[in-house]
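Listed here are the chains, written in short residue letters.
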Amino acid sequence: MSNKTIAFIGTGNMSYAIIGGMIKSGFAPQSIIATNRNEEKLAKVAADFNVRTTTNNITALKEADVIVLSVKPQMMAQLCDSLQTANVDLSNKLFVSVAAGITVARLQDMLGQPVKMVRCMPNTPSLLGLGVSGLFAQEISAEERDFVEQVFSSTGIATWVETEAKINDIIAVTGSSPAYFFLFMEAIEEKARTLGFDAEQARALVQQTALGAAEMAASQPEISISQLRANVTSKGGTTHAAVEHLKSHNLHTTVADAMDACISRAQQMEQEL
Ligand SMILES: NC(=O)c1ccc[n+]([C@@H]2O[C@H](COP(=O)([O-])OP(=O)(O)OC[C@H]3O[C@@H](n4cnc5c(N)ncnc54)[C@H](O)[C@@H]3O)[C@@H](O)[C@H]2O)c1
């Protein structure tokens, strides 16, 4: 592994997941600094991953080679302002922003100077090494590119996109989409409860089925997802009845429209923030 130090500024759900994936894949805990304003959150990160923690963003900024900006988009301007006024030379640092809806140009504006910046759109399964991260950068060195790729591929699949606009598409396809799957699982779990399964059974039944279905797809890439579905669906049978109901309620269009709403919101945030 590289000897660079990486700091996560604002270690909440997303950075916790990335750090978890990095540690699982062998990054040295001492090469990782996690910051948060909330000491309880830091205590958990330190206890779970043995990384260095601090409530002082500037200490982390000074020490790290790579700075991951991981606060909520609405908090980013305030954070960047505090980093800018700290009088630290940022020209040799590499920044990575995981925030949705803030462009590189806007981040540089917030930081008050044209720093080297990578836009990254990860997702929370990174915690298990099963994440997907979209990456976009211009004008960074091959070594910096390799390091960022090493970090995010340690948490799952990392893929570079050609244009910054594509990061918004990645949000719809992989950044937000764990929530779509969870929503579907919630709906099945809820119905299982109304059919009389207790909470524990309903949860176990839905999660095992989701895991089994994903693993069926992942372990047999030569079989299309639609064929896997067809294999469950007997002509004139029970699954057919359920699937036809979903189709007649425009499931595909609804999902596509939801993904368009996700992209539109990211574009709108780019104007707002
Ligand atoms: N959660 C996801 O699935 C996901 C996926 C992709 C990208 N993202 C992006 O990741 C970023 C973080 O999202 P999250 O879900 O982890 O949010 P979060 O609220 O869980 O984490 C952000 C943390 O930053 C801390 N914080 C706020 N201001 C701070 C400051 N000035 N200094 C230090 N700490 C500060 C907060 O206490 C909080 O714990 C967002 O910009 C989001 O767009 C999230």
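Residues numbered from 1 in each chain as written. Predicted model: local features only at pLDDT ≥ 70, side-chain atom pairs only at ≥ 80, totals over all residues. Heavy atoms only, no water.

Student: With reference to specific residues and values, describe the sheet that holds strand β2 (residues 32-35).
Tutor: A sheet is described by the order of its strands in space; here eight strands give the open sequence β3-β2-β1-β4-β5-β6-β7-β8, paired in mixed fashion. Single-partner strands in this sheet number two, and they are β3 (52-54) and β8 (156-160). Put simply, the sheet's adjacent strands are angled 25° from each other on average, direction ignored. Pairing of strand β7 (residues 131-137) with β8 involves five bridges; the strand directions are parallel. Each bridged residue has a counterpart across the sheet, and for G131 the counterpart in β8 is G156. Contacting β1 (6-9) and β2, helix α1 (residues 13-24) crosses the sheet at an angle of about 155° to β1. Each of β1, β4 (66-69) and β5 (94-97) is contacted by helix α4 (residues 76-84), which is oriented at about 150° to β4, the strand it contacts most. (Pairing = 2+ DSSP bridges. Helix = DSSP H or I, 4+ residues; strand = E, 2+ residues; numbered from the N terminus. Axes fitted to C-alpha atoms, helices over the stretch in contact; angles between N-to-C directions. Contact = heavy atoms within 4.5 Å.)

Student: If you had to explain the UniProt feature "domain: Pyrroline-5-carboxylate reductase catalytic N-terminal" (unreviewed entry) in the protein chain to someone new, which residues and values would you point to?
Tutor: UniProt records the feature "domain: Pyrroline-5-carboxylate reductase catalytic N-terminal" (unreviewed entry) at residues 5-101, using the numbering of this structure. The distance separating the terminal C-alpha atoms of residues 5-101 is 27 Å; by composition the span is 40% helix and 20% strand. (UniProt positions renumbered as here; feature names shortened; annotations may be inferred.)

Student: Could you give me a rundown of the site of the ligand, with the residues and numbers involved?
Tutor: The environment of the ligand is formed by 20 residues, the closest being N13, M14, N36, N57 and V71. In the environment of the ligand, an oxygen atom lies 2.7 Å from a nitrogen or oxygen atom belonging to the side chain of N36. The backbone of V71 places a nitrogen or oxygen atom 2.7 Å from an oxygen atom of the ligand. Grouping the amino acids of the shell around the ligand by side-chain chemistry returns nine nonpolar, eight polar and three charged. (Near = heavy atom within 4 Å. Polar contact = N/O pair within 3.5 Å; in protein donor to acceptor, adjacent residues only side chain to side chain. Nonpolar A, V, L, I, M, F, W, Y, C, P; charged D, E, K, R; others polar.)

Student: Quick one: what's the story with the packing of α4 against helix α5 (residues 104-111), residue by residue and with numbers?
Tutor: Viewed as axis vectors pointing N to C, α4 and α5 meet at an angle of 45°, and their least axial separation amounts to 7 Å. When the axes of α4 and α5 are compared, the pair comes out oblique. Every residue of α5 that contacts α4 at M76, A77, C80, D81, L83 and Q84 is listed here: L107, M110 and L111. Here the contact of α4 with α5 is composed, by residue class, of seven nonpolar, one polar and one charged. (Parallel < 35°, antiparallel > 145°, perpendicular 65-115°, else oblique.)

Student: Which residues make up the nonpolar core, and what are the values?
Tutor: Formed by 30 residues in total, the largest nonpolar core has its most connected members in I6 and V118. Considering each element in turn, this core owes the most residues, six residues, to α1. Sequence-distant contacts of V118, that is, excluding residues within four places in its chain, are made with L94, F95, V96, S97, L135, F136, A137, I140, V148 and W160. (Core = buried A, V, L, I, M, F, W, Y, C linked by side-chain atoms within 4.5 Å. Buried < 20%, exposed > 50% of the residue type's maximum accessible area, 1.4 Å probe, protein only.)

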